Amino acid sequence: MKSDFFGITSEASAFVADAEASLREAFEALAPTREANQCKVLEAFAENRLSDTHFGFATGYGYGDAGREVTERIFAQVFGAEAALVRTQIVNGTHALSLVFAGVLRPGDKLLYCTGAPYDSLRPAIGLAGEGAGQGALAEYGVSYGQVELTPAGGIDYAALAEALEDPAVRMAALQRATGYSERPAITIAKTSEWARFVKARRPDIILMADNCYGEFLETMEPTDAGVDVMAGSLIKNPGGGLALSGGYVAGRKDLVEKAAWRLTCPGIGGECGLTFGQTRTTLQGLFLAPRTVSDALKGAILCGEVFERLGFPVFPGAKDARSDIVETIRLGSPEALICFCEAIQAVSPVDAFVRPEPWAMPGYADPVVMASGAFVTGSSIELSADGPMRPPYNVYFQGGLTYEHAKLGVMSAVQRLSAAGFATL
Ligand SMILES: *Cc1c(COP(=O)(O)O)cnc(C)c1O
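Structural notes, computed from the coordinates. The structure displayed is predicted, hence computed values, not measured ones. (Residues numbered from 1 in each chain as written. Predicted model: local features only at pLDDT ≥ 70, side-chain atom pairs only at ≥ 80, totals over all residues. Heavy atoms only, no water.)

**Some remarks on the overall build of the chain**
Helix and strand counts for the chain stand at twelve helices and twelve strands. A compact globule built from 426 residues would reach a C-alpha radius of gyration of about 22 Å, and the chain, at 21 Å, matches this within 12%. Per-residue burial over the chain gives 58% buried out of 426 residues. Taking the intrachain contacts of the chain between residues at least 6 apart in sequence as the baseline, contacts between residues at least 24 apart amount to 69%. Roughly 16,800 Å² of accessible area belongs to the chain as shown, and the carbon and sulfur atoms make up 54% of that amount. Averaged over its 35 positive side-chain charges, the chain has a centre that lies 3 Å from the centre of its 49 negative ones. (Helix = DSSP H or I, 4+ residues; strand = E, 2+ residues; numbered from the N terminus. Rg over C-alpha atoms; globule rule 2.2 N^0.38 Å. Buried < 20%, exposed > 50% of the residue type's maximum accessible area, 1.4 Å probe, protein only. Contact = heavy atoms within 4.5 Å. Areas by Shrake-Rupley, 256 points an atom, 1.4 Å probe, with all protein chains shown as cover. Lys, Arg positive; Asp, Glu negative; His and termini not counted. Charge placed at Lys NZ, Arg CZ, Asp CG, Glu CD.)

Okay, structure coming up:
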């Protein structure tokens, strides 16, 4: 692939092509998961008798919206869950996760994160270090918080976890599948299942919760297939397939999903009300495309990892390591290189290619974040995107790509610009 328009030299193009040639087997190995997930989605559509009559929508209160109800049954089935809440009114992944915490936990309960610190944007919702004070953070309602750090290798520290589970106040144990803004590996389904068995063996009363953002369709099972009681995620990441305009989901045990729904609307109403605003078709078509989209994004992440490993940057995961999210982390080491990388991705975006990304103070994040996202759906990170907080070691998080070809062009653009600016040597 070459592009004079984007200023990609034959040197940069050849460098990426060389890396790509070494990945044939890794790419072929993705097919069985993609095929199984495509099949699983189509089975759920067929079993729930999805029909074009579902693409209409109710108005007003939205009682009995057939499209909304079938969508939630389909998501539940695909995720191996009893029930699901799938709503455009859930504004993002943070909101979906926060609904689970606030809906399920009661004063005196403790939330225990078992994979180190939660994703940055959840800090105010939980009330970490006084964040979210006066805004109704969990801490204000008397819900306490504890955290078990990961081992240096990025695994769950079972000795420390066993100790933390001795606190009878622990009511919910949480696991974050994706790396978030860190360098650790994602938590695979096998590891999730091991964690679930470990906690339940000691404390069957504890509710297991997973932050599944970026994890959907990476494997043939989801956390709710592996013993997790409830999980949540964003529709403008993996499961929306690039088409969902907005929204989030909660899936899991029926009683827990209901509790999240009572928080989303109010007690007594729960999931009975709420419009789809005509988004049912798009949401489901996105789910239909998601297994393929996620697989292409994953190919892009693997290529990115291989290329930047060859350039001598620390990358997480390594190009050939096991994956359970779509994120590739590259430790760029300087604020200038981080901004340069994001500019390179922005420049080959389908929308706003002429824009220069600049660090800004995003609501819910502690440090300014620089972000390349020239997406059809603003902020969507299943579309090709790159971002990172402006703090050492200046990691960039590269993810998405609705097509592998776009992700590859993004990698070439990054190689080109970083080498031209002297941050990388071909
Ligand atoms: C993206 C993400 C979230 C939620 O982010 P939103 O931008 O609110 O959708 C939460 N946890 C993880 C691990 C994520 O990657």
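What follows picks up the thread again.
**Quick word on the site of the ligand**
Every residue near the ligand is listed here: N92, G93, T94, L97, Y119, Q176, D211, C213, Y214, S234 and K237. A distance of 3.4 Å separates an oxygen atom of the ligand from a polar side-chain atom of N92. In this structure, G93 approaches the ligand through a main-chain N or O atom, which is 2.8 Å from an oxygen atom. Coverage of the ligand by the protein chains reaches 91% of its 380 Å² of free accessible surface. Considering each element in turn, the shell around the ligand owes the most residues, three residues, to helix 5 (residues 93–104). (Near = heavy atom within 4 Å. Polar contact = N/O pair within 3.5 Å; in protein donor to acceptor, adjacent residues only side chain to side chain.)

**Topic: the environment of P317**
The topology assignment puts P317 in the loop between strand 8 (315–316) and strand 9 (328–331). P317 sits 208 residues away from D109 along the chain, and the two C-alpha atoms are 35 Å apart. Not counting residues within four places of it along the chain, the set of residues in contact with P317 comprises A322, R323, V327 and E328.

**Some thoughts on the side chain of R87**
Take R87: it is sitting in strand 1 (residues 83–87). Engagement of the side chain of R87 in a polar contact is seen with the backbone oxygen of C273, the distance being 2.9 Å. The residues contacting R87, other than those within four sequence positions of it, are R68, E72, G247, G248, L264, G271, C273 and G274.

**Observations concerning a nonpolar patch on the surface**
On the surface, L42, F288 and L289 cluster together into a nonpolar patch covering about 220 Å² of accessible area. Mapped onto the elements of the fold, L289 is located in helix 10 (residues 280–310). Exposure remark for L289: the relative accessible area of 31% places this residue in the partly exposed category. (Patch = residues over 30% accessible without salt bridge, like charges linked within 9 Å, V, L, I, M, F, W, Y side chains within 5 Å. Salt bridge = Lys/Arg side-chain N within 4 Å of Asp/Glu carboxyl O.)

**Things to note about the pattern of salt bridges**
Here the structure, examined in full by the defined rule, presents 20 salt bridges. Residue R292 is joined to D296 by a salt bridge in which the shortest nitrogen-to-oxygen separation is 3.6 Å. Within this pair, R292 and its partner D296 are both found in helix 10, separated by four residues, close to a single helical turn. Since its relative accessible area comes to 8%, D296 is described here as buried. Linking D367 and R391 is a salt bridge whose minimum nitrogen-to-oxygen distance equals 2.7 Å. With D367 in the loop between helix 11 (335–347) and strand 10 (369–372) and R391 in the loop between strand 11 (385–389) and strand 12 (395–399), the pair connects residues that are 24 residues apart, well separated along the chain. For D367, a relative accessible area of 24% corresponds to the partly exposed category. Linked through salt bridges whose partners overlap, the residues forming this network are K200, D229, R253 and D255.

**Description of the nonpolar core**
Formed by 129 residues in total, the largest nonpolar core has its most connected members in F101, L161, W195, V307, F308 and F341. Ranked by the residues each element gives to this core, the list is headed by helix 10, at eleven residues. The residue makeup of this core includes at least three contributed by each of domain 1 (5–37 + 287–420) and domain 2 (57–278). Look past the residues within four positions of L161 in its chain and what remains in contact with it is L112, C114, V148, I156, W195, F198 and V199. (Core = buried A, V, L, I, M, F, W, Y, C linked by side-chain atoms within 4.5 Å. Domains from an automatic or database assignment.)

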